[in-house]
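One-letter residues, chain by chain:
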Amino acid sequence: MEPAKHLLKCETLLQNCKREAKQLLEANVTNRKIHWTHPAFISFCNSVEDILTYGVHRKYRVSGVTRNNLTSSERVLEELSKVYPVARTVYNMCYRIDNKKNGRQRRPAKPDYSIIQMDMPVEHKILWIRTALLEKILKPIVEEILRKPELYYSKFSILSHSVYGEIFCFLLDGPCSITFSRMKSVDSLLVNPA
């Protein structure tokens, strides 16, 4: 792709993330408390996942049958967790390492604060983003990626771009400051009956 097409794609992804962040903040104002299965919460996490997977280096991309069934952004988190303790905390909360007789095997673990239905592929795809947003540590993880984006992303990605990366980081300010409910209220059942 040409650089102009990459810039257009970056702008589209950022506009989508901005729209989802705005909807999440509006839902927080109208509902006072948002459950972490609220549609606005899930769609914001999906837009963050789209940005984090755009422009990932080839070694982190998902292709065919992958080791440990990790998505591209989960592989970046796995690499980042080796050097950054905050990322290691989120990684361990979501994917604990079990030692078995036939070697190490990573499998999704249920976080301490709630039960997650792992049979839904969308829920598994954004598990670490949801966990980091609930614990209010998504922005520090993204800031750490922004310190050395060339390790994880190509030069055409949003996080490698000097302006777009900072805009994305500022977009995370609002949603990371919200305190999400871990228990469903009557209001949340009216919006999301599932």
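Bear in mind the structure is a predicted one, so any value in this text is a computation, not a measurement. (Residues numbered from 1 in each chain as written. Predicted model: local features only at pLDDT ≥ 70, side-chain atom pairs only at ≥ 80, totals over all residues. Heavy atoms only, no water.)

**Some details on the pattern of salt bridges**
Counting across every chain of the model gives four salt bridges. Salt-bridge contacts for Glu143 lead to Lys139; the nearest nitrogen and oxygen are separated by 3.7 Å. One end of the pair is Glu143 and the other is Lys139, both in helix 7 (residues 138-147) and four residues apart, which spans about a single turn. Classification of Glu143 as partly exposed rests on a relative accessible area of 31%. Put simply, Asp173 and Lys139 hold a salt bridge, and the shortest N to O gap is 2.4 Å. With a gap of 34 residues between them, Asp173 in helix 9 (residues 173-177) and Lys139 in helix 7 connect regions that are remote in the sequence. Its relative accessible area of 16% is what places Lys139 among the buried residues. Salt bridges here are not isolated pairs; linked through shared partners, they connect Lys139, Glu143 and Asp173. (Salt bridge = Lys/Arg side-chain N within 4 Å of Asp/Glu carboxyl O. Helix = DSSP H or I, 4+ residues; strand = E, 2+ residues; numbered from the N terminus. Buried < 20%, exposed > 50% of the residue type's maximum accessible area, 1.4 Å probe, protein only.)

**Observations concerning helix 4 (residues 85-94)**
Note that an α-helix has 3.6 residues per turn; residues three or four places apart therefore point the same way. Ala87, Val90, Tyr91 and Cys94 are the residues of helix 4 that are buried. Here the buried residues of helix 4 occupy an arc of 100° about the axis, which is enough to place them on one side. (Arc of directions from axis to C-beta.)

**A short note on the environment of Lys22**
Among the structural elements, Lys22 can be located in helix 1 (residues 3-31). By relative accessible area, Lys22 is classed as exposed at 54%. Residues Lys22 and Gly174, 152 residues apart in the sequence, show an inter-C-alpha distance of 8.7 Å.

**Thoughts on the packing of aromatic side chains**
Tallied over the entire structure, the rule returns two aromatic pairs. When the ring of Phe41 is compared with that of Phe180, the centres are 4.6 Å apart and the planes differ by 70°; the resulting orientation is edge-to-face. One end of the pair, Phe41, is in helix 2 (residues 39-53); the other, Phe180, is in the loop between helix 9 and helix 10 (186-191), and 139 residues separate them in sequence. By relative accessible area, Phe41 is classed as buried at 0%. The ring of Trp36 has Arg130 sitting right over it, with the charged end atom 4.2 Å from the ring centre. (Phe/Tyr/Trp six-rings, centres within 6.5 Å; stacked < 30°, edge-to-face > 60°. Lys NZ or Arg CZ within 6 Å of the ring centre and 35° of its normal.)

**Some words on helix 1**
Its 29 residues place the ends of helix 1 42 Å apart at the C-alpha level, agreeing with the 42 Å of an ideal helix rising 1.5 Å per residue. When helix 1 is considered as a whole, its buried residues turn out to be His6, Cys10, Leu13, Leu14, Asn16, Cys17, Glu20, Ala21, Leu24, Ala27 and Asn28. Tucked inside the fold, the buried residues of helix 1 contact helix 2, helix 8 (162-171) and helix 9. The first or second residue beyond helix 1 is Arg32, which carries a positive phi of 70°. (Expected span 1.5 Å × (residues − 1). Contact = heavy atoms within 4.5 Å.)

**Section: the confidence of the model for the chain**
Where the model shows low pLDDT, its predicted coordinates should not be examined in detail. Summing up the model confidence of the chain, the mean pLDDT is 80 and the portion of residues at 70 or higher is 75%. With pLDDT under 50 throughout, residues 98-103 is counted as low confidence; its partners more than four residues away or in other chains account for six contacts. Per-residue pLDDT stays below 50 along residues 108-120; that stretch engages in 27 contacts with residues further than four places along the chain or on separate chains. (pLDDT = per-residue confidence, 0-100.)

**Quick word on the environment of Asn16**
Relative to the helices and strands, Asn16 is located in helix 1. Between the C-alpha atom of Asn16 and that of Ser47, which follows or precedes it by 31 residues, the distance is 6.7 Å. For Asn16, the residues in contact, after removing those within four places along its chain, are Ser47 and Asp50. Within the local environment of Asn16, its side chain forms a polar contact with the side chain of Arg19, the two groups lying 2.5 Å apart. (Polar contact = N/O pair within 3.5 Å; in protein donor to acceptor, adjacent residues only side chain to side chain.)

**Here's the deal with the nonpolar core**
Phe41, Val48, Trp128, Leu138, Ile141, Ile158 and Phe168 are the most contacted members of the largest nonpolar core, which has 55 residues in total. Elements that contribute at least two residues to this core include exactly helix 1, helix 2, helix 3 (72-80), helix 4, helix 6 (127-134), helix 7 and helix 8. For this core, the element with the highest residue contribution is helix 2, accounting for eight residues. Apart from the residues lying within four places of it in its own chain, the contact partners of Phe41 are Leu24, His35, Trp36, Arg130, Leu133, Leu134 and Phe180. (Core = buried A, V, L, I, M, F, W, Y, C linked by side-chain atoms within 4.5 Å.)

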